[in-house]
Structures are given as C-alpha cells and as structure tokens.
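Remarks on the overall topology
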Amino acid sequence: MKVFQFIFSFFLRFLFSAGFLFGMMAPQVAYTQNELKVLAYNIHHANPPSIPDSIDLPAIAQVIIESGADLVALQEVDVHTERSGPGLHQAKALADLTGMHFYFEKSIPYQGGEYGNAILSRFPIENKLALQLSSAEGTEPRTLLLVQVTLPDGEKIKFASTHLDFSSSTNATNQAKDITSYLKDEPLPVIMAGDFNALIGSDAIDELDSHFERTCRENCPPTIPVVDPNRTIDFIYYRPDNKFQVKEHRVISETYASDHLPVLATLVW
C-alpha cells in the first residue's frame, strides 16, 4: 500500500509539473452581476482520507472549479511541508490550477514548512491581513485571514477565512470574540467562511451569530464526516444583513478529496 501511495503522489506531482510547464489554466467562469458564490472548504492538506499519506490537489481544484466560486476560504493548507512536499506551496498551486488570486498565512510552523489558512479570489486582492487569535498555552494557534476585493461593479467588500480550535470550547469561544471585536467597526460589507469547529447553539457560534448572519439558519446540512455526515461545523457568515440576500446554501456531496464537505452559498445584494 505504501508503494502505491508513493507512486500515486509522484504521479500527481508530475501532472502538476506538466500542467505548469505547458501553461494549462482553469477555464474562467463568468461572473454574474450582483451575485457572489462563496465556498468554505477545509481541504485536509489535500489528503484524501481513503488514501493515507497521499496528496491530491487536482481533486481539490476540481471541486473549486465545478462550484463556480468567486471567493474561497480554505483551511488546513500546507506550504513546503515534509508530508506534502518541500517544493509544494498548496495555496499557490491551487491558485494556478483554478486561475484565481491567492493569499496564505501560516497558523503554525509544521514539518519544515507552514500550515494554515488561505483565500482564493476571482478578483484581485487589494489589502490583506492575518489576525492572530487567542489560544491557551499548549493549544494550537489559530488565525483569521482578511482581504479586500473590488467587485466588477465597483463594490468593495472584505472576505475572511478562519479555522477555530477543536480541542477547547473555551478557546473557540474566545477566538470568536476576537473576530467579532476586530470586525465590529469594519465599515465595508464582510463575508466570512471557514471551519468553526463548533455546533449551532454553542457559545462560539452564538457569539458569531450575535454579530453576523449565517447563510443557513435552520436545518443546516451536516459537513462532517464526509460519509454519513452528522455534524455541521463549517459555515458562511455575512454582514450587514440588509446588504445581502441568500439565494442558495448547500453542501457539496464530494466524499473523496477531503474529510470535510465543502459548503457553497450564493449571495445577492
């Protein structure tokens, strides 16, 4: 099995190299006026759970492309790590494969490289910021990534990607409070997406719900595990509530590429 995994991973990296060499780019999806498609996706460092120790970035890229997303919040992204390959910058590679702009910042150093969150955007990224979130001693640091983009009609918005702590509900709540405190005076419309590692009704989600609107309020489809999912912990938020209308919220049934199901919302303003 280990030999197969090595060959499989090597073949995928060969495909990447060949694609870049010949200038292969993702097809561009037409932007719909006054609509934004937003994707929240914990990519599990592009490791398909059914194939341990393998990396399949093309599978992640295919999900993103087929979703038609304009803005993508990614979590669990590897950059130059031993497990994914010292030469592989996953955020940049996904940007190349999808034809999007990217921003990555680490949450922690990992295996000689970096591990954290990323943002992909169909629109040029104008400003970017990484906010360190509270974390108790001995727990994994977490961050909020925030960018500004200008939509084709001239509208400026902020878009954020985050990943809250799974090991401590107190940590997750404090991190949610960090986010709401930082963004409470933001004058531009804000969309935030990510893996919040907390259930609806928890203190962390209640904190975010008191400052933002969720694209799904009731009977939200579960996002984890990918086979027989039974928990909803990946969300898309927005504010102000009078700026956006939710046209669609759905969970994409893609069970191979990651251990989380991707969440897609279409917002109209």
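For the structure, check the block above.
The rules behind these values
- Residues numbered from 1 in each chain as written.
- Predicted model: local features only at pLDDT ≥ 70, side-chain atom pairs only at ≥ 80, totals over all residues.
- Heavy atoms only, no water.
- Helix = DSSP H or I, 4+ residues; strand = E, 2+ residues; numbered from the N terminus.
- Buried < 20%, exposed > 50% of the residue type's maximum accessible area, 1.4 Å probe, protein only.
- Contact = heavy atoms within 4.5 Å.
- Pairing = 2+ DSSP bridges.
- Right-handed = clockwise from strand over helix to strand, strands pointing away.
- Phe/Tyr/Trp six-rings, centres within 6.5 Å; stacked < 30°, edge-to-face > 60°.
- Lys NZ or Arg CZ within 6 Å of the ring centre and 35° of its normal.
- Axes fitted to C-alpha atoms, helices over the stretch in contact; angles between N-to-C directions.
- Parallel < 35°, antiparallel > 145°, perpendicular 65-115°, else oblique.
- Left-handed = near helix turned anticlockwise from the far one by under 90°.

**Some thoughts on the environment of Asn127**
- Considering the arrangement of structural elements, one finds Asn127 in strand E5 (residues 125-132).
- A residue is classified by how much of its surface remains accessible, and Asn127, at 42% relative accessible area, is partly exposed.
- For the pair Asn127 and Val149, spaced 22 residues apart in sequence, the C-alpha to C-alpha distance is 7.5 Å.
- Those residues within four positions of Asn127 in sequence are excluded, and the remaining contacts are Leu146, Val147 and Gln148.

**As for the pairing of strand E8 (residues 190-195)**
- The buried fraction of E8 is high, at 6 of 6 residues.
- The sheet contact formed by strand E7 (residues 156-163) and E8 spans 6 bridges and is parallel. Following the sheet pairing, Ala160 is matched in E8 by Met192.
- Crossover handedness for the path E7 to helix H4 (residues 169-183) to E8: right-handed.
- Of the strand pairs in this sheet, E8 and strand E10 (residues 234-239) are connected by 6 bridges, and their pairing is antiparallel. Bridge pairing in E10 places Asp195 opposite Asp234.

**Here we look at the packing of aromatic side chains**
- Under the counting rule described, the total for this entry stands at 6 aromatic pairs.
- Note on Phe235 and Tyr237: the rings are 6.3 Å apart at their centroids and 55° apart in plane angle, and the pair reads as tilted.
- Tyr237 sits in the buried class, given a relative accessible area of 0%.
- Judged by centre distance (5.7 Å) and plane angle (75°), the rings of Tyr238 and Phe244 are edge-to-face.
- On the basis of relative accessibility, which here comes to 7%, the residue Tyr238 falls in the buried class.
- Assessed through its relative accessible area of 7%, Phe244 is described here as buried.
- An aromatic cluster is built from Phe196, Phe212, Phe235 and Tyr237, whose rings are joined through pairwise contacts.
- Its guanidinium or amino end placed over the ring of Phe235, Arg214 lies 5.5 Å from that ring's centre, counting from NZ or CZ.
- Its guanidinium or amino end placed over the ring of Phe212, Arg239 lies 5.9 Å from that ring's centre, counting from NZ or CZ.

**Quick word on the packing of helix H2 (residues 57-67) against helix H3 (residues 90-98)**
- For the pair H2 and H3, interaxial distance at closest approach is 9 Å and the crossing angle is 50°. Taken as axis vectors, H2 and H3 run oblique relative to one another. Classified by chirality, the crossing of H3 by H2 is right-handed. Taking contact as the criterion, the partners of Leu57, Pro58, Ile60, Ala61, Ile64 and Ile65 in H2 are, on H3, Gln90, Ala93, Leu94, Leu97 and Thr98.

**What about unusual backbone geometry?**
- At the junction of Ile224 and Pro225, the peptide bond is cis and its omega measures out at -10° in the coordinates.
- Structurally, Pro225 can be placed in the loop between strand E9 (213-214) and E10.
- The linkage connecting Arg239 with the following residue, Pro240, adopts the cis geometry, with an omega of 0°.
- Phi at His44 takes a positive value of approximately 55°, unusual for a residue other than glycine.
- Along the chain, the position of His44 falls in the loop between strand E1 (35-42) and H2.
- Relative accessible area serves as the criterion here: at 16%, His44 is assigned to the buried category.
- Even without a glycine there, the phi angle at His80 is positive, about 60°.

**Some points on the sheet that holds E10**
- Here we have 6 strands laid out as an open sheet, ordered E5-E6-E7-E8-E10-E9, and mixed in their pairing. Each edge of the open sheet carries a strand with a single partner, namely E5 and E9.
- On top of the sheet, H4 reaches E5, strand E6 (143-150), E7, E8 and E10; it is set at about 30° to E6, its chief contact.

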